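A look at the structure
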Amino acid sequence: MQLTNRSKVVVKKEMTLMESLYLPAIFSGMIITFKHFFRKKPTIKYPEQVREFSGVYRGQHVLKRDENGAERCTACGLCAVACPAEAITMVAAERKQGEENLFREEKYAAVYEINMLRCIFCGDCEDACPKEAIFLTDRKVDSLYTRKELVYGKDILVESEENPIDLSKRQTPEVKEFKHHNEFAHNITYKKK
Ligand code: SF4
Ligand code: SF4
């Protein structure tokens, strides 16, 4: 039974002399192949060549420091709650006297880990953070051999004081303006302007 009228009847007809030589078919195939030699190649020679990434590419996270070098994260856990992949875990601790230069808030993350094998780089942790402490960056996560190595701790995530991470491409004036809307006010730049 036919469901549509789009089917075609295939006729097995005798080949002509030219068709039985196969040469025209081979020749037209060679022309197509030859044309491709002059086309722009869509592939690149990675890793010698690397594609340019977007300024807002979502790669490896950074735990930012404030302008005085203290860790911004206050271990509130909102990023972990927002994370759809349950990739973030942390242990909170209380800041001691004399540690004000190390941690900005009275509570801080003594342990903060992101399982990069679980992470889907959605950016929800960045959006949820009320302290502008966590951001995704344009850095790529390394390919490693064991699962354990891909659970990144503070030693990898916290911004190095010597090499601060530039987030200016993510924090465009438009983004900053957007964050000043009341419903997103939890995620404004820490020092409100
Ligand atoms: S980017 Fe998304 S999946 Fe990855 S840790 Fe943040 S919230 Fe979780
Ligand atoms: S939401 Fe921000 S301040 Fe809270 S635990 Fe996560 S990174 Fe730290």
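Residues numbered from 1 in each chain as written. Chains lettered and ligands numbered in written order. Predicted model: local features only at pLDDT ≥ 70, side-chain atom pairs only at ≥ 80, totals over all residues.

What about the overall build of the protein chain?
On a plain count of helices and strands, the protein chain comes out with six helices and five strands. For the protein chain, the C-alpha radius of gyration of 28 Å lies well beyond 16 Å, the compact-globule estimate for 193 residues. Overall size of the protein chain, expressed as C-alpha extent along the three principal axes, is 95 × 50 × 40 Å. Counting only residues that meet the buried cut, the protein chain has 16% of its 193 residues in that class. When contacts within the protein chain are restricted to residue pairs at least 6 apart in sequence, those whose partners lie at least 24 apart make up 74%. (Helix = DSSP H or I, 4+ residues; strand = E, 2+ residues; numbered from the N terminus. Rg over C-alpha atoms; globule rule 2.2 N^0.38 Å. Buried ≥ 20, exposed ≤ 12 C-beta atoms within 10 Å, placed from the backbone. Contact = placed C-beta atoms within 7 Å.)

As for the pairing of strand β3 (residues 107-115)
Two strands pair when backbone bridges link them, and strand β2 (residues 88-94) and β3 are joined in this way by seven bridges, in the antiparallel orientation. Counterpart to Val 91 in the pairing with β3 is Val 111. In this sheet, strand β5 (residues 151-152) lies alongside β3 in antiparallel orientation, the contact comprising two bridges. Among the inter-strand pairings, Asn 115 is bridged to a residue of β5, identified as Val 151. (Pairing = 2+ DSSP bridges.)

Section: the site of ligand 2
Of all residues adjacent to ligand 2, which total 13 residues, the nearest are Cys 73, Cys 76, Cys 79, Cys 129 and Ile 134. For the shell around ligand 2, the residue count by class is 10 nonpolar, two polar and one charged. (Near = placed C-beta within 6 Å. Nonpolar A, V, L, I, M, F, W, Y, C, P; charged D, E, K, R; others polar.)

Let's talk about the sheet that holds β5
Taken together, three strands build an open sheet; the order of strands is β2-β3-β5 and the sheet is antiparallel. Whereas interior strands pair on both sides, the edge strands pair on one side only; in this sheet they are β2 and β5.

Looking at the nonpolar core
If you look at the biggest cluster of nonpolar residues, it comprises 19 residues, and the most contacted ones within it are Leu 63, Cys 73, Cys 79, Ile 88, Cys 125, Cys 129 and Ile 134. Sorting the residues of this core by element identifies β1 (61-63), α3 (78-82) and β3 as the ones contributing at least two each. Examining the composition of this core, we find that four residues originate from one element, β3, more than from any other. (Core = buried A, V, L, I, M, F, W, Y, C linked by C-beta atoms within 7 Å.)

Structural notes on unusual backbone geometry
Residue Tyr 46 is joined to Pro 47 through a cis peptide bond whose omega torsion reads 5°. Here Pro 47 is to be found in the loop between α2 (23-37) and β1. Of note, the phi angle at Tyr 22 is positive, near 65°, even though the residue is not glycine. With respect to the helices and strands, Tyr 22 occurs in the loop between α1 (17-21) and α2. The exposed category is assigned to Tyr 22, around which 11 C-beta atoms lie within 10 Å. In the Ramachandran plot, Glu 86 falls in the positive-phi region, its phi being about 50° despite a non-glycine side chain. Mapping Glu 86 onto the fold places it in the loop between α3 and β2.

Considering the environment of Glu 162
If you trace the backbone, Glu 162 turns up in the loop between α5 (154-157) and α6 (173-179). Between the alpha carbons of Glu 162 and Pro 42 there is a distance of 38 Å; along the sequence they are 120 residues apart.

Considering the environment of Lys 176
Considering the arrangement of structural elements, one finds Lys 176 in helix α6. With 121 residues separating them along the chain, Lys 176 and Gly 55 place their C-alpha atoms 16 Å apart.

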